[in-house]
There are 2 protein chains.
Amino acid sequence: MYAVTYELIHKDKFTGARAGILHTPHGDFFTPIFMPVGTQATVKTLSPEEISELGAEVILSNTYHLFLRPGAELIQKAGGLHKFMHWSKGILTDSGGFQVFSLGELRKISEDGVTFRSHIDGAKKFLSPEVSVETQIKLGSDIMMAFDECIPYPAEYDYAKKSTERTHRWAERSLHAAKVSESQGIFGICQGGMYEDLRAESAKVIGSMDFDGCAIGGLSVGEDKETMYKMLEVSTKYLPENKARYLMGVGTPDHLIEGVLRGVDMFDCVFATRVARNGMAMVSPKTSSRGRLVMKNAEFTEDFSPLENNCDCYTCRNNFTRAYIRHLVRADEIFGLRLLTLHNLRYLQKFMADMRESILADKFNEFRKEFFSEWR
Amino acid sequence: MYAVTYELIHKDKFTGARAGILHTPHGDFFTPIFMPVGTQATVKTLSPEEISELGAEVILSNTYHLFLRPGAELIQKAGGLHKFMHWSKGILTDSGGFQVFSLGELRKISEDGVTFRSHIDGAKKFLSPEVSVETQIKLGSDIMMAFDECIPYPAEYDYAKKSTERTHRWAERSLHAAKVSESQGIFGICQGGMYEDLRAESAKVIGSMDFDGCAIGGLSVGEDKETMYKMLEVSTKYLPENKARYLMGVGTPDHLIEGVLRGVDMFDCVFATRVARNGMAMVSPKTSSRGRLVMKNAEFTEDFSPLENNCDCYTCRNNFTRAYIRHLVRADEIFGLRLLTLHNLRYLQKFMADMRESILADKFNEFRKEFFSEWR
């Protein structure tokens, strides 16, 4: 029995784009879905009600960060992550693999797992498939992720092959460790670096395991777009149709479309929330050809229009103007970061909903063409 | 005709404490009232809906800051400060006097006004009674403040006397400049340093002018409590009964009680919002004898209770625990600052409402005694 299942509702007649429903212990959610990132048990600047109100249904939290602070035991004592952070819909936790491998010289890999130094206080720590999954069980997320290595870019073929094979062994161990929790699902992660044969092999191996869903990791790590899309295609080609596909860490509008085109159902990315805190608004390419407004720019000084016309986000529908937001950003006011975060996340939710509608109407190609006709 | 009036509803039988109603162009508000500070056209971290929902009805904005950035002309073009920041209840603007005098060597005082350097970009600027009031007219606040000098502490008698006399001449000029705006009220400000005779004289002079209300400035600037309370008593003694009295920049719970005891109706202070952003929760002295919880403290690590039992603020009524807030504060998460700001401001609103109830029941003395029996 799977705790998390994917129901395919409709596949676009002319592309690989899929519209479905993700069934989780905390609700059933339409796909394709974008999951905002709440690294430290909070989606930065927002309240749970705000996250829900803007249409987000699954959020991602980072095991690495919570493992180090406040610790998974504390969150377990609080009644789990949902209760701790007051969020009643879906939560996906990553495995911590991406973060510990990003530590560079601060970590040491063995077959058993990874020894590393905490970025907070330098304390020596250890993560492995078993420790990661046990931690995620304590957190109580709906979707756990297998412990993997995100291969650095560029990487030699031999390293990519060995790493991917280890990731497969770790996937088995993660899956085994997850069996004690019947109320949580676990996704495997395909790797393979930038090598087509390794990607194909990894998709086959992970896709054949008893996971609730399959993620594609190690993309958008510095490679060019064409390579990324090619690797993605090879991966989804060999993944089972009856499970959700999740492209990890990808979330700019162009990549979201290209991911959906290639049959991806789930995405997460810090982009929307991070650029908000840097004073940037995400808008339609019709409004700005790069899809972004830099709010500090002088052009917005006396601009009393909303960030985007016809946007139904809190910020725009309440007439908080570009001029006001520019003022807040220049004055380093937190409310400005909130207004931009609310807008950017709502922009992505609406964007995903629009994609879903176009898939259901077999018009995903038109949707994509229209978007890219304006996108520079 | 006054744009802002004070209606005395009930005076406590045994003290000088007053319960009343402040009538403003943007609504009628119960007094005694605490006004949260929204220096830069935003109450730090909060949305207008949140400010309203926690019970705040008048907020204070700083003319000095808005004069420099984004500029009063811009806010006027936006339709005034209410519309610019999306706040439909009362706004009081200070005159900028306090801030420019705080600049120390960066400012030069003459009878005409004050020349100073902007703290943002060093640009040379000038504020005077006329410029300040014209700026406040552009902002469109409900209550404007006369331009005054907040006398530094300590100050020689001669300096305090001369400064207070100039403040009186500036009050006349401020009042004259305000006449062009019939839709806004203006309050005069009593000074007098820490000298009883000057305080009495200043209250008489300002109290006799044609202001909509009277403020007491230059207190809580470093003097001991007894001196502050003495100066306050002398001031309110000579202020007219039929106008609101506003004690500027004062807002710790003990000072609020002592102000109300001496006949003050209005208060503002950055304390509640500033300590929130430093990770401190304001609670009843029954909960903590100092009325404060330092959320980083280890004692809250596994404390799954709310900041305060029976508190009806957003944070407490939604079961955000001390342990969660401690985690957010330690992780530098903005949502933690929001949760504490919401709690602290609600604490003060409830505190003022409780004081009002006790006045209406002629039980202010009992309220005060109970508070101080726990306060250390």
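As a reminder, the structure under discussion sits directly above these lines.
Residues numbered from 1 in each chain as written. Chains lettered and ligands numbered in written order. Predicted model: local features only at pLDDT ≥ 70, side-chain atom pairs only at ≥ 80, totals over all residues. Heavy atoms only, no water.

Trainee: Outline the overall build of chain A, listing residues and values.
Mentor: From N to C terminus, chain A includes 15 helices and 16 strands. On C-alpha atoms alone, chain A measures out to a radius of gyration of 20 Å, which is about the 21 Å that the 2.2 N^0.38 rule sets for 376 residues. Its C-alpha atoms give chain A principal-axis dimensions of roughly 60 × 50 × 40 Å. Here chain A holds 376 residues, and the buried ones make up 62% of them. Pairs at least 24 residues apart make up 67% of the contacts formed inside chain A by residues separated by at least 6 positions. One way to put it: in chain A the 46 positive side-chain charges average out to a point 2 Å from where the 50 negative ones average out. (Helix = DSSP H or I, 4+ residues; strand = E, 2+ residues; numbered from the N terminus. Rg over C-alpha atoms; globule rule 2.2 N^0.38 Å. Buried < 20%, exposed > 50% of the residue type's maximum accessible area, 1.4 Å probe, protein only. Contact = heavy atoms within 4.5 Å. Lys, Arg positive; Asp, Glu negative; His and termini not counted. Charge placed at Lys NZ, Arg CZ, Asp CG, Glu CD.)

Trainee: Explain the relation of the copies chain A and chain B to me, using residue names and the numbers behind them.
Mentor: For these two chains of identical sequence, chain A goes onto chain B by a turn of 180° and a shift of 0.0 Å along the axis, with RMSD 0.0 Å. Considering both components of the superposition, the chain copies are consistent with a two-fold axis. Of the C-alpha atoms belonging to chain A, the one lying closest to the rotation axis is found on Ile334(A), 3.9 Å away. When the interface residues of chain A are mapped onto chain B, 100% of them again fall at the interface, so both copies present the same face. (Least-squares fit on C-alpha atoms with pLDDT ≥ 70 in both.)

Trainee: Summarise the pairing of strand 2 (residues 18-24) of chain A; cite the residues concerned and give the values.
Mentor: Within a regular strand, the side chains alternate between the two sheet faces. All names here are of chain A. Taking burial as the measure, the 7 residues of strand 2 include 6 buried ones, the bulk of the element. Relative to strand 2, strand 1 (residues 5-11) runs antiparallel, the two sharing 6 bridges. Among the inter-strand pairings, Leu8 is bridged to a residue of strand 2, identified as Gly20. Here strand 1 folds back onto strand 2, and the loop between the two strands holds 6 residues. Bridging between strand 2 and strand 3 (residues 27-31) involves 5 bridges; their strand directions are antiparallel. Along strand 3, the bridge assignment pairs Leu22 with Phe29. The hairpin turn running from strand 2 into strand 3, its antiparallel successor, is 2 residues long. (Pairing = 2+ DSSP bridges.)

Trainee: Describe the packing of aromatic side chains, with residues and values.
Mentor: Summed over the entire model, instances satisfying the criterion amount to 28 aromatic pairs over all chains. Aromatic pair Phe320(B) and Tyr324(B): ring centres 5.9 Å apart, planes at 25°, arrangement stacked. Each member of the pair, Phe320(B) together with Tyr324(B), is buried. Site record: aromatic cluster; members linked through ring pairs are Tyr347(A), Phe351(A), Phe364(A), Phe367(A), Phe371(A), Phe372(A) and Trp375(A). The ring of Trp170(A) is capped by Arg166(A), whose NZ or CZ atom sits 5.3 Å from the centre of that ring. (Phe/Tyr/Trp six-rings, centres within 6.5 Å; stacked < 30°, edge-to-face > 60°. Lys NZ or Arg CZ within 6 Å of the ring centre and 35° of its normal.)

Trainee: So what's going on with the environment of Glu53(A)? Which residues, and what values?
Mentor: Of note, Glu53(A) is situated in helix 1 (residues 48-53). The spacing of Glu53(A) and Cys313(A) is 260 residues in sequence and 9.1 Å in space, taken between C-alpha atoms.

Trainee: Kindly report on the sheet that holds strand 7 (residues 107-109) of chain A, identifying the contributing residues and their values.
Mentor: All names here are of chain A. One open sheet accounts for 3 strands, arranged 7-8-9; its pairing is antiparallel. Of all strands in the sheet, those bounded by a partner on one side alone are strand 7 and strand 9 (124-127). Pairwise comparison of adjacent strand axes, ignoring direction, gives a mean angle of 20° for this sheet. As paired strands, strand 8 (residues 114-117) and strand 9 are joined by 4 bridges and run antiparallel to one another. Across the sheet, Arg117 pairs through a bridge with Lys124, a residue of strand 9. (Axes fitted to C-alpha atoms, helices over the stretch in contact; angles between N-to-C directions.)

Trainee: Go over the pattern of salt bridges with me, naming the residues and quoting the values.
Mentor: Residue and element names in this part refer to chain A. Overall, the coordinates contain 46 salt bridges over all chains when judged by the stated rule. Ionic pairing is found between Lys11 and Glu241, a salt bridge with its closest N-O pair at 3.0 Å. Residue Lys11 is located in strand 1, and its partner Glu241 is located in the loop between helix 9 (225-237) and strand 13 (244-247); the two are separated by 230 residues in the primary sequence. Classification of Lys11 as partly exposed rests on a relative accessible area of 36%. Among the residues examined, Glu241 registers a relative accessible area of 39% and is labelled partly exposed. (Salt bridge = Lys/Arg side-chain N within 4 Å of Asp/Glu carboxyl O.)

Trainee: I'd like to hear about the packing of helix 7 (residues 157-178) of chain A against helix 8 (residues 196-208) of chain A, residue by residue, with values.
Mentor: How two helices pack is summed up by the angle between their axes together with the distance between the axes. Residue and element names in this part refer to chain A. Closest axis-to-axis distance for the helix 7/helix 8 pair is 11 Å, and the angle between their directions is 5°. Accordingly, the angle class assigned to the pair helix 7 and helix 8 is roughly parallel. Residues Tyr157, Ala160, Lys161, Thr164, His168 and Ala171 of helix 7 pack against Asp197, Leu198, Ser202, Val205 and Ile206 of helix 8. Across the contact of helix 7 with helix 8, the residue classes tally to 6 nonpolar, 3 polar and 2 charged. (Parallel < 35°, antiparallel > 145°, perpendicular 65-115°, else oblique. Nonpolar A, V, L, I, M, F, W, Y, C, P; charged D, E, K, R; others polar.)

Trainee: Pulling in residues and values, what's your account of helix 15 (residues 364-374) of chain A?
Mentor: When we look at burial in helix 15 of chain A, the residues that qualify are Phe364(A), Phe367(A) and Phe371(A). In an axial view of helix 15 of chain A, the angular spread of the buried residues amounts to 65°, which keeps them on one side of the axis. (Arc of directions from axis to C-beta.)

Trainee: Describe in detail the interface of chain A and chain B, supporting the description with residues and values.
Mentor: Contacts between the two partners involve 36 residues from chain A, matched on the other side by 36 residues from chain B. In this structure, Arg338(A) engages Glu50(B) in a salt bridge whose closest nitrogen and oxygen atoms are separated by 2.7 Å. Joining chain A to chain B, the criterion identifies 22 residue pairs in polar contact (both at pLDDT 80 or more). For the side of chain A that touches chain B, the elements supplying multiple residues, two or more each, are helix 1, helix 3 (72-77), helix 4 (81-85), helix 13 (322-330) and helix 14 (334-360) of chain A. For the side of chain A that touches chain B, the element with the highest residue contribution is helix 13 of chain A, accounting for 5 residues. Looking at the side of chain A that touches chain B, its residues break down into 19 nonpolar, 8 polar and 9 charged. (Polar contact = N/O pair within 3.5 Å; in protein donor to acceptor, adjacent residues only side chain to side chain.)

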